[in-house]
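Summary of structural features
Listed below are the residues making up each chain.
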Amino acid sequence: VQLQASGGGLVQAGGSLRLSCAASGSIVSINRMGWYRQAPGKQRELVATITRGVYTNYADSVEGRFTISRDNAKNTVDLQMNSLKPEDTAVYYCNAASTTYIDMNYWGKGTLVTVSS
């Protein structure tokens with residue numbers, strides 16, 4: 001499974017950005033996609049995930065500001081980030097996983113999001 005992420009960049013606090021990720025390869029067993037992030041000096045943390053059945057899960061810190069969406073036909077997952085805060089600054093990673101086969105857990109290259117105050 002290959003994950004190609006796009007988006008990210010520099011934005012002022014209160015602004016918006018959109019991240020997109022496209023999955024390709026042996027994805028028939030992938031039923032959950034999402035985004036994680038890692039800020040400098042911190043561990044990687046969950047931002048949001050979405051299943052094929054469009055069940056979503058958000059970190060408390062982004063609930064109400066970020067929206068994750070998925071196009072199952074295109075095998076893409078997007079993260080719309082609104083009302084960005086400086087503490088949202090991090091490298092964001094796309095993830096694709098199977099909830100059935102735990103070894104099927106894939107990561108894309110990170111994309112940097114920088115929010116200036």
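Residues numbered from 1 in each chain as written. Predicted model: local features only at pLDDT ≥ 70, side-chain atom pairs only at ≥ 80, totals over all residues. Heavy atoms only, no water.

**Notes on the environment of Phe66**
Counting through the fold element by element, Phe66 comes out in strand E7 (residues 66-71). Taking relative accessible area as the criterion, Phe66 reaches 2% and is therefore assigned buried. C-alpha separation for the pair Phe66 and Arg32, spaced 34 residues apart in sequence, amounts to 17 Å. Excluding residues within four positions of it along the chain, Phe66 makes contact with Arg37, Val47, Tyr58, Leu79, Gln80, Met81, Asn82, Leu84, Asp88 and Tyr92. (Helix = DSSP H or I, 4+ residues; strand = E, 2+ residues; numbered from the N terminus. Buried < 20%, exposed > 50% of the residue type's maximum accessible area, 1.4 Å probe, protein only. Contact = heavy atoms within 4.5 Å.)

**A word on the nonpolar core**
Within the largest apolar cluster, 30 residues are counted, with the highest numbers of intra-cluster contacts made by Trp35, Leu79, Met81 and Tyr92. Excluding its chain neighbours within four sequence positions, the residues that come into contact with Leu79 are Leu17, Arg18, Leu19, Trp35, Val47, Ala48, Phe66, Thr67, Ile68 and Tyr92. (Core = buried A, V, L, I, M, F, W, Y, C linked by side-chain atoms within 4.5 Å.)

**Section: the pattern of salt bridges**
Pairs can form between side chains of opposite charge whenever their charged atoms are close. Counting across every chain of the model gives four salt bridges. Taking the shortest distance from any N to any O, the salt bridge between Glu45 and Arg37 comes out at 2.8 Å. Overall, Arg37 belongs to the buried group, its relative accessible area being 6%. One salt bridge in this structure joins Asp88 and Arg37, with 3.0 Å as the shortest N-O distance. Here Asp88 is found in the loop between strand E8 (76-81) and strand E9 (90-97), whereas its partner Arg37 is found in strand E4 (residues 32-38), with 51 residues between them in sequence. Salt bridges sharing partners connect three or more residues here, namely Arg37, Glu45, Arg65 and Asp88. (Salt bridge = Lys/Arg side-chain N within 4 Å of Asp/Glu carboxyl O.)

**Notes on the sheet that holds strand E3 (residues 17-24)**
The strand order across the open sheet built from four strands is E1-E3-E8-E7, with neighbouring strands paired in antiparallel fashion. Of all strands in the sheet, those bounded by a partner on one side alone are strand E1 (2-6) and E7. With direction set aside, neighbouring strand axes in the sheet form an average angle of 15 degrees. (Pairing = 2+ DSSP bridges. Axes fitted to C-alpha atoms, helices over the stretch in contact; angles between N-to-C directions.)

**Considering the side chain of Thr76**
The residue Thr76 is located in strand E8 in this model. Since its relative accessible area comes to 19%, Thr76 is described here as buried. In contact with Thr76, other than residues within four places in its own chain, are Cys21, Ala22, Ser69, Arg70 and Asp71.

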